[in-house]
Each structure stands twice: as structure tokens, then as C-alpha cells.
Amino acid sequence: MGAESEVAAAFPFGSDEELQQRLAHTGPGDVARGIFLNSLLDVVRRFGDEALLQQCLDVSGEQRFLEFFNYPMSTFLRMSYPACHRMSAKYGGFEAAFSALGYAASKDFYASSAGKVLLLLARNDPLRMLSNMPSTTNAVLGDQTGITQMKRTGKASSVLTYKRDLVPRPYNEGALQASLEAVGARDVRVVAHPLGLYDTDYALTWT
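Predicted, not measured: the structure shown is a model, and the values here were computed from it. Per chain, residues are indexed from 1 in the order of the written sequence. For a predicted model such as this one, the threshold for reporting local features is a pLDDT of at least 70, and the threshold for listing and counting side-chain atom pairs is 80 or more; totals across whole chains, interfaces and linings nevertheless cover every residue. Excluding hydrogens and water, the side-chain figures rest on all heavy atoms present in the structure.

Trainee: Go over the overall build of the protein, please, and point to the residues and values.
Mentor: Counting secondary structure elements, the protein contains nine helices and six strands. The C-alpha atoms of the protein give a radius of gyration of 16 Å, which matches the 17 Å a tight globule of 207 residues would have. Projected onto its principal axes, the C-alpha coordinates of the protein cover approximately 45 × 40 × 35 Å. Restricting the contact set of the protein to residue pairs at least 6 apart, pairs at least 24 apart contribute 65%. In the structure as shown, the protein presents an accessible area of about 9500 Å², 51% of it carried by carbon and sulfur atoms. The protein carries 20 positive and 22 negative side-chain charges, and their two centres are separated by 9 Å. Secondary structure elements follow DSSP: runs of H or I of four or more residues count as helices, runs of E of two or more count as strands, with numbering from the N terminus. As defined in this context, the radius of gyration uses C-alpha atoms, and a globule is described by 2.2 Å times the residue total to the power 0.38. Residue contacts follow a heavy-atom distance rule, with two residues in contact if any of their heavy atoms lie within 4.5 Å. Each accessible area is a Shrake-Rupley result for a 1.4 Å probe, and residues are judged covered by the shown protein chains and nothing else. By the counting scheme adopted, Arg and Lys are positive, Glu and Asp are negative, and His together with the chain ends is not counted. Where a charge lies is defined by one atom per residue type, namely NZ (Lys), CZ (Arg), CG (Asp) and CD (Glu).

Dropping the structure here:
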């Protein structure tokens, strides 16, 4: 990890200024499905900090989210930043906490009815799973962001290109790792290569 700090952004990753910069780029079409917000809340509940849980609920204005209803991406960002700061000691840093959130969210998604369908379509083939990613991200993140290209680079390697992705890169790294593990991949490695402020190539390898 550490990819967020590699981009020549105006503010350090995790700072309030950087969050406000990210929020300023969000619009009405930038959404997150409720299943990912519920996953975040579940991670916070397991962490056991009631004050943090209440803070997240206050930010969202909700007690629970409808799994496949669209909510503003800004809500997810306003919830996740304080959560990751508070849980950073448990996970080994702010970026590692975001990676843990992404990993948990992906696990929860593939346990859902929609996720199970995608697993059936993937047929335990990581490359098939990745080839479906562009349409999957378009469905769950809205039509202004997501994966625009999947390039196979070997028998067990690929590169996914994300454009205008407002979710922090460590979150995506964790989510992609869990996605590949869901179809039987082992020794998964995901490395983000920033192309711009919110554009990224993710290099993936597995066995």
C-alpha cells in the first residue's frame, strides 16, 4: 500500500483537507450501495467503540441501509475516514484500516444474492471474474466512475484501470484481494499504480 501518498495531491492522505478535496469532487451521480455502508458499520461494531459507531450513524442519518439502494458516495467518505482513523492502531495504520474495510465489504458482497450470481458466472476463474469487473463496478458505483479496462498480463496476472474513482485506493486493494480469493485465488497481491488524482491501475497477481 502507500499508493495514496504517491500522487502529487495538495494534501496528505487522511487529512481533513484531503477528505474535503475528495468530497468536493463528488456529485449526484457518485453513489455507494447500501451493502457497503452496512459492511462498514459491521466492522465498526466488531471494533467495539460505541462512540465511533454513533458518530458514523449520526453522519449518515440512518440506522441501517437498504443493501442495494444507492446512497451518496459522500456519506460513505464521511463515515469511513473517522472510522479508519480510530481503528488505525488495530490494523496497523490508516491505509491498512481502509484495506480492511474494503476486504470486509467485498466478502459481504459476495455473500449476498447478487454476489453469489457473479461467483457462479465466474466459475472459479479469476480472469473471468476480473473480466466482469467493469460492468460490476458500473452497476454498484454509478455511471461516472469505475473500472474502464481489464488487461490480462499473464496466466495469473491482470491490470484493472479505474477512472475517476473516489474511493481511497487501499479500500480497493482490499476489495480486489477478497474478490480474487472468492474464486479460489491464493497468494493474491494487489498493487495500486496512480495515474492521476483519482485514476489508478491496479496490478493483480495470484496463484
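Trainee: Go over the pattern of salt bridges with me, naming the residues and quoting the values.
Mentor: One side-chain nitrogen of Lys or Arg within 4 Å of one carboxyl oxygen of Asp or Glu is enough to make a salt bridge. Going through the model one piece at a time under the given rule, you end up with five salt bridges. With a shortest N-O distance of 3.2 Å, Asp42 and Arg45 are connected by a salt bridge. Here Asp42 and its partner Arg45 are both found in helix α2 (residues 34-47), three residues apart, which amounts to about one turn of the helix. On the basis of relative accessible area, Asp42 is assigned to the partly exposed category, the value being 22%. Looking at Arg45, the relative accessible area reads 35%, which means it is partly exposed. Three exposure classes are used, based on accessible area relative to the maximum for each residue type with a 1.4 Å probe and protein chains only: buried under 20%, partly exposed in between, and exposed over 50%.

Trainee: Tell me about the nonpolar core, residues and numbers included.
Mentor: The definition of a nonpolar core used throughout is a set of buried Ala, Val, Leu, Ile, Met, Phe, Trp, Tyr and Cys residues joined through side-chain atoms within 4.5 Å. Counting 56 residues, the largest nonpolar core has Phe76 and Leu204 as its most contacted members. Beyond its immediate stretch of four places on either side in the chain, Phe76 contacts Ala32, Leu37, Leu40, Val167 and Tyr171.

Trainee: Requested: an account of helix α9 (residues 169-182), with residues and values cited.
Mentor: Take the residue count of a helix, subtract one, and multiply by 1.5 Å to get its expected span. The first and last C-alpha atoms of α9 sit 20 Å apart over 14 residues, in line with the 20 Å expected at 1.5 Å per residue. With eleven of 14 residues buried, α9 is to be regarded as a mostly interior element. Every buried residue of α9 is listed here: Arg169, Pro170, Tyr171, Asn172, Glu173, Gly174, Ala175, Leu176, Ala178, Ser179 and Leu180.

Trainee: Can you lay out helix α3 (residues 50-60) for me, pointing to particular residues and giving the numbers?
Mentor: Because each turn of an α-helix spans 3.6 residues, side chains separated by three or four positions in sequence point in the same direction. Of the residues making up α3, those classed as buried are Leu52, Leu53, Cys56, Leu57 and Ser60. Down the axis of α3, the smallest arc covering the buried residues is 140°, so these residues share one side. Facing away from the buried side of α3, by more than 90 degrees, are the exposed residues Glu50, Ala51 and Asp58. Contact partners of the buried residues in α3: α2 and α4 (73-91). We call two N or O atoms a polar contact when they sit within 3.5 Å, provided that within protein one can donate a hydrogen and the other can accept it, with sequence-adjacent residues counted only if both atoms are side-chain atoms. Its side-chain oxygen 3.1 Å from the backbone nitrogen of Ala51, Asp49 forms the N-cap of α3. Directly beyond the C-terminal end of α3, a positive phi value near 75° is found at Gly61. Note: the arc covers the axis-to-C-beta directions of the helix.

Trainee: Describe the environment of Ala156, with residues and values.
Mentor: With respect to the helices and strands, Ala156 occurs in the loop between β3 (146-154) and β4 (157-163). Sequence spacing of Ala156 and Leu204 is 48 residues, and the spatial spacing of their C-alpha atoms is 8.2 Å. Among residues more than four places away in sequence, those in contact with Ala156 are Leu204, Thr205 and Trp206.

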